Structure formats: C-alpha cells, structure tokens
Amino acid sequence: MKLIFLTMFLSTPLFFSGQAFSKHNYFNEYCSFESNKGEIGLHKSNYWDGYHMILNSEVPGIDNYPEVYLPGEEGSGEDPVNGNEAIVFSVLRDFNQETTPYDDGCWQGFTKKFERTVKVEHVSPSVSEILILKKQDELEIVCNYEHLVMTGDICDEL
C-alpha cells in the first residue's frame, strides 16, 4: 500500500513536467480494489486516450505491471481489447460521484472521485490464481480522476 502511494507521488512530477507541459494538458487516473491479498491499484498508463491501465501491487507474482482494460467515460479514442490484458473489466455502474472544479489561475479543469461496480469479463490464469478472481465476478473499485488544462492568464508568468 505504501509503495503504491510512494510510486504515485514520485511519478506525478515526472509525468506532470513531461507530457503535461508539452501538451498543456494534465491527466491522471488511479483506481483500487480490495482483493484476498490486499489492495490492488490501477493506474492509467497512456495519457488520457484509451481504456488500458496498469495493475500495480505488492502481491508476489504480480510485479511486472500487467495491462488491465477498464472502459469508462474518462477515456476516449480507439482502444480495443488486444488480448494482452491480465484482466478485462466491463462497467456496470458508477456511483458516489464527486466532481470538484479546479482553477489556480493557470491550470483549469476538475477532479473527480467515484466508485464503480465492474464485472470481470476475462482474467489471465496467473492473476486468477493469485487474486482468486474468476470470469463474471463483480467488484467495487474506487477511482480518482484529474483532468487539467493550462489555459489561465497567470501561466505566462510561470
């Protein structure tokens, strides 16, 4: 758990300074769910396009950041299931959504927290064995989503 948050904290400045400033756009999405082995984290790995994320955990046997497919309104573009995913989810419903506008004079946009009920459409044999997940299982996941655009007048002063 601590490693997940440390990884998120340390990777955010690198992500923020590289892609965000070059595109004047900042996107970040993290989700998590409880498993028989503890909390499992999901992180968006491809800027804001698409629905693929990486699975991030301290669970032995799941340490090579496998792909996970999690569709939702947060992604966009052509990003079909490619057969390399450790888990493919379908979304059943979102609830407890809390959207907060963000504007610091330079970066403008919003942050969003929500819970999502998902169904396992596919799970690789190794992940299934380790996490005791099977096709058709339903899970509750918690997500945090940020989308900010550099558009304010104060940006010129930075």
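Before reading on, note that the structure itself is shown above.
This one's a predicted model, so the numbers in the text were calculated from it and none came from an experiment.

A. View of the packing of aromatic side chains. Applying the stated criterion across every chain yields a total of four aromatic pairs. Their ring planes at 80 degrees and their centres at 6.3 Å tell us that Phe-33 and Phe-89 sit as a pair that is edge-to-face. Separated by 56 residues along the polypeptide, Phe-33 in strand E1 (residues 25-35) and Phe-89 in strand E5 (residues 87-103) bring together distant segments of the chain. Judged by relative accessible area, which is 3%, Phe-33 ranks as buried.

B. Local environment of the nonpolar core. With 26 residues, the main nonpolar core has Phe-33, Leu-42, Leu-70, Ile-87, Phe-89 and Leu-131 as its most contacted residues. Secondary structure elements with two or more residues in this core: E1, strand E2 (38-44), strand E3 (52-56), E5, strand E6 (107-123), helix H2 (125-131) and strand E7 (138-150). The residues touching Leu-70, leaving out its near neighbours within four places in the chain, are Cys-31, Leu-42, Tyr-51, Met-53, Phe-89, Val-91, Arg-116, Val-118 and Ile-141. Within the second largest apolar cluster, six residues are counted, among which are Tyr-26, Leu-148, Met-150 and Cys-155.

C. A look at the side chain of Ser-35. By the element assignment, Ser-35 lies in strand E1. A relative accessible area of 16% places Ser-35 in the buried class. At a separation of 3.0 Å, a polar atom in the side chain of Ser-35 contacts the main-chain amide nitrogen of Lys-37. Among the polar contacts made by the side chain of Ser-35, one reaches the main-chain carbonyl oxygen of Gly-38 at a distance of 2.8 Å. Ignoring anything within four residues of it in the chain, the contact list for Ser-35 reads Ile-40 and Leu-131.

Conventions and cut-offs
- Residues numbered from 1 in each chain as written.
- Predicted model: local features only at pLDDT ≥ 70, side-chain atom pairs only at ≥ 80, totals over all residues.
- Heavy atoms only, no water.
- Phe/Tyr/Trp six-rings, centres within 6.5 Å; stacked < 30°, edge-to-face > 60°.
- Helix = DSSP H or I, 4+ residues; strand = E, 2+ residues; numbered from the N terminus.
- Buried < 20%, exposed > 50% of the residue type's maximum accessible area, 1.4 Å probe, protein only.
- Core = buried A, V, L, I, M, F, W, Y, C linked by side-chain atoms within 4.5 Å.
- Contact = heavy atoms within 4.5 Å.
- Polar contact = N/O pair within 3.5 Å; in protein donor to acceptor, adjacent residues only side chain to side chain.

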